[in-house]
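Each chain, letter by letter, is given below.
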Amino acid sequence: MGKVTYITQEGLDKLKKELEHLMNVERPAISKQIGEAIEKGDISENAEYDAAKDAQGMLEAKIAVLRGKIANARIIDESKIDTSSVQILNKVTIKNKKNNATMQYTIVSEHEADLKSGKISIETPIAKGLLGKKVGDVVDIQVPSGIIAFEIIDIAL
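Residues numbered from 1 in each chain as written. Predicted model: local features only at pLDDT ≥ 70, side-chain atom pairs only at ≥ 80, totals over all residues. Heavy atoms only, no water.

Caption draft 1: Structural view of the overall build of the protein chain. Helix and strand content of the protein chain: three helices and seven strands. A compact globule built from 157 residues should have a C-alpha radius of gyration of about 15 Å, whereas the protein chain, at 22 Å, is more than 25% larger. The C-alpha extent of the protein chain, read off along each of the three principal axes, is 70 × 35 × 25 Å. Sorting the 157 residues of the protein chain into buried and exposed places 34% on the buried side. For the protein chain, contacts bridging at least 24 residues in sequence account for 49% of all contacts bridging at least 6. (Helix = DSSP H or I, 4+ residues; strand = E, 2+ residues; numbered from the N terminus. Rg over C-alpha atoms; globule rule 2.2 N^0.38 Å. Buried < 20%, exposed > 50% of the residue type's maximum accessible area, 1.4 Å probe, protein only. Contact = heavy atoms within 4.5 Å.)

Caption draft 2: Inspection of the side chain of Glu 151 at higher detail. You can see Glu 151 is positioned in strand β7 (residues 146–156). Classification of Glu 151 by relative accessible area gives buried; the value is 19%. Only 3.2 Å separates the side chain of Glu 151 from the side chain of Lys 97, close enough to count as a polar contact. Setting aside residues no more than four positions away along its own chain, Glu 151 makes contact with Thr 93, Ile 94, Lys 95, Lys 97, Gly 136, Asp 137 and Val 138. (Polar contact = N/O pair within 3.5 Å; in protein donor to acceptor, adjacent residues only side chain to side chain.)

Caption draft 3: Region of the structure containing the pattern of salt bridges. All told, the structure shown has three salt bridges when counted by the stated rule. Glu 60 is paired through a salt bridge with Arg 27; the nearest N and O atoms lie 2.8 Å apart. A residue pair is termed long-range when its members are at least 10 positions apart, and Glu 60 in helix α2 (residues 47–71) and Arg 27 in helix α1 (residues 9–39) qualify at 33 residues. The partly exposed category is assigned to Arg 27, whose relative accessible area is 25%. In this structure, Lys 97 and Glu 151 form a salt bridge, with 3.2 Å as the shortest nitrogen-oxygen distance. Of this pair, Lys 97 sits in the loop between β3 (91–96) and β4 (102–108) while Glu 151 sits in strand β7; the two residues are 54 residues apart in sequence, bridging distant segments of the chain. (Salt bridge = Lys/Arg side-chain N within 4 Å of Asp/Glu carboxyl O.)

Caption draft 4: Fine view of the sheet that holds strand β6 (residues 138–143). Spatial strand order, β5-β4-β3-β7-β6: five strands in an open sheet with mixed pairing. Whereas interior strands pair on both sides, the edge strands pair on one side only; in this sheet they are β5 (119–121) and β6. Recorded for the sheet is a direction-independent mean angle of 45° between the axes of neighbouring strands. Direction of pairing for β6 relative to β7: antiparallel, over a ladder of six bridges. Counted as the bridge partner of Gln 142 is Ile 147 from β7. (Pairing = 2+ DSSP bridges. Axes fitted to C-alpha atoms, helices over the stretch in contact; angles between N-to-C directions.)

By themselves these figures say nothing about function.
Pasting the structure below:
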């Protein structure tokens, strides 16, 4: 059994939609490409056939990974999330103590992470360093550029 992943209902719906697209749109398209390549004759030296079979293998692997993610997903009940300390699905406002820059991140599962929209994976060094901390705590977090001190300004939903 794979690793259990905690995810929002929205994130799970997104994974299911992607799986459905791969199975109902991409898979038939690749099967059609393979069929067309076979019709062209000798498949032993047919580059189109080889490319289509490779694409099919990658698609099937992607489908298997998505099925595993969906099977191991556990929905997070957002009504039971606490804001007394940092945890998954919290929106955390932090201040870099070195340059006083303020940032706000929502901590989400790795499948829902999207830095452009301010969602960071619970697997990132920043999220791991913030977990369990409270407003006012100063946390030293190891990032690629070194150790940075962050102060937790706010924890919200």
